[in-house]
Amino acid sequence: MASLPPGLVWLASYPKSGNTWMRVLLANLLANGDRPQNINALPEEEHLISRWRFADETLIEPDLLSQKEMASLRRAQADYVAATVTKAFVCKTHARFDEEVLGRSARCAIYLVRDPRDAAISMSHHMGVSLDETIARMTDPAAHTATPLQIRTRIGDWAGHVGAWTDQNVLPVLTVRYEDLRTDTAASLSRVVAFLGGEATEAQIQRAVGYSGLEELQRQEEARGFRERLAHQKRFFRSGLVGEWRDVLTESQLSVVEQHGLKVMKRWGYSRALDDQG
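Residues numbered from 1 in each chain as written. Predicted model: local features only at pLDDT ≥ 70, side-chain atom pairs only at ≥ 80, totals over all residues. Heavy atoms only, no water.

J.: Talk me through the packing of helix 5 (residues 116-127) against helix 6 (residues 131-138); I want residue IDs and the actual numbers.
T.: At their nearest, the axes of helix 5 and helix 6 sit 9 Å apart, and the two run at 120° to each other. It follows that helix 5 is oblique to helix 6 by the angle criterion. Where helix 5 crosses over helix 6, the handedness of that crossing is right-handed. In this structure, helix 5 contributes Pro116, Ala119, Ala120, Ile121, Met123, Ser124 and Met127 to the contact, and helix 6 contributes Leu131, Thr134, Ile135, Arg137 and Met138. Split by residue class, the contact of helix 5 with helix 6 holds nine nonpolar, two polar and one charged. (Axes fitted to C-alpha atoms, helices over the stretch in contact; angles between N-to-C directions. Helix = DSSP H or I, 4+ residues; strand = E, 2+ residues; numbered from the N terminus. Parallel < 35°, antiparallel > 145°, perpendicular 65-115°, else oblique. Left-handed = near helix turned anticlockwise from the far one by under 90°. Contact = heavy atoms within 4.5 Å. Nonpolar A, V, L, I, M, F, W, Y, C, P; charged D, E, K, R; others polar.)

J.: Break down helix 13 (residues 251-267) for me, with residues and values.
T.: At Gly261, helix 13 shows its largest bend, some 80°. If you check which residues of helix 13 are buried, you get Gln253, Leu254, Val257, Glu258, Gly261, Val264 and Met265. Within two residues after helix 13, Gly269 carries a phi angle of roughly 90°, on the positive side. (Bend = angle between axes of the 7 residues up to and from the residue. Buried < 20%, exposed > 50% of the residue type's maximum accessible area, 1.4 Å probe, protein only.)

J.: Tell me about the sheet that holds strand 1 (residues 7-13), and please be specific about residues and values.
T.: Strands in a sheet are paired, the pairing made by backbone hydrogen bonds, and the direction either parallel or antiparallel. Within the open sheet, the four strands sit side by side as 2-1-3-6. Their pairing is parallel. With one partner strand each, in any of the chains shown, strand 2 (88-93) and strand 6 (173-177) form the two edges of the open sheet. Taking each pair of neighbouring strands and ignoring which way they run, the sheet shows an average axis angle of 20°. Against the sheet, helix 9 (residues 185-195) engages strand 3 (108-113) and strand 6, with an angle of about 175° to strand 6. (Pairing = 2+ DSSP bridges.)

J.: Lay out the packing of aromatic side chains in plain terms, naming residues and giving numbers.
T.: Pairs of aromatic rings are described using the distance from one ring centre to the other and the angle between the two planes. In this structure the tally under the stated criterion is three aromatic pairs. Between Phe97 and Trp165 the ring centres are 5.0 Å apart and the planes differ by 65°, which places this aromatic pair in the edge-to-face class. One end of the pair, Phe97, is in the loop between strand 2 and helix 4 (99-102); the other, Trp165, is in helix 7 (residues 158-166), with 68 residues separating them in the sequence. Across the pair, Trp165 and Phe97 agree in class, each one buried. A centroid spacing of 6.2 Å and a plane angle of 20° characterise the contact between Tyr111 and Trp165, whose relative ring orientation is stacked. Taken together, the residues Tyr111 in strand 3 and Trp165 in helix 7 connect sequence positions 54 residues apart. For the pair formed by Tyr111 and Trp165, the shared burial category is buried. One aromatic cluster in this structure is built from Phe97, Tyr111 and Trp165. Positioned above the aromatic ring of Tyr178, the side-chain terminus of Arg114 is 4.3 Å from the ring centre. (Phe/Tyr/Trp six-rings, centres within 6.5 Å; stacked < 30°, edge-to-face > 60°. Lys NZ or Arg CZ within 6 Å of the ring centre and 35° of its normal.)

Following this line, the structure appears as structure tokens:
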């Protein structure tokens, strides 16, 4: 059976960079089943930002806390989970890395990075706002998320988010490009399993990949919905295209994204639109 060692692992990314897809891949791998896992059965407890879990483990209502108090208690919560978990706990987060919030006790982190120009398109559809508004958010160092079911979490700007996770030396981190995950899903999943010290045969990897394809995810969403889809969304699992920005973003939108994050983009293999055309 495919397996991962016990311990807390952060599965981190800027929003709309393949985090949910990686969760599905790992769920199908570890289930060792003969059919695809139900996308609506991904465990909710893998989210440490849910209000119910925070309140349950700290015995405090988050709305009563200042931001400083919240950060301190979130670190204590993460350290508590890391110290007490008895199985592999791959925890999704979109938070910008900050050891004062996420602690130092996780085993390691997997970080998914995606071309911000494609991420902008996907975020725009997901949030139901214009591309200009989405890009403004992606270049805002103070950007954060907060919903009725989740506690306030700082995400920050795209370039700062990528740098915070990939340049920190608190935790070992494996960075996986979304584009590589799309090009060779099996190889990328194998890298993740090896980094985590897990075990999986080639057949198990291939089965997990087959069970986690976009067509299968769309089929399940069409048949029974997806609980993480927002009310305004027609579809959560949309297209997953690489390079869609070439046909969608305007020159002015490209300019804003590239001026903001070009240094980080180049580091991870994302060239300027002008260079790409030439």
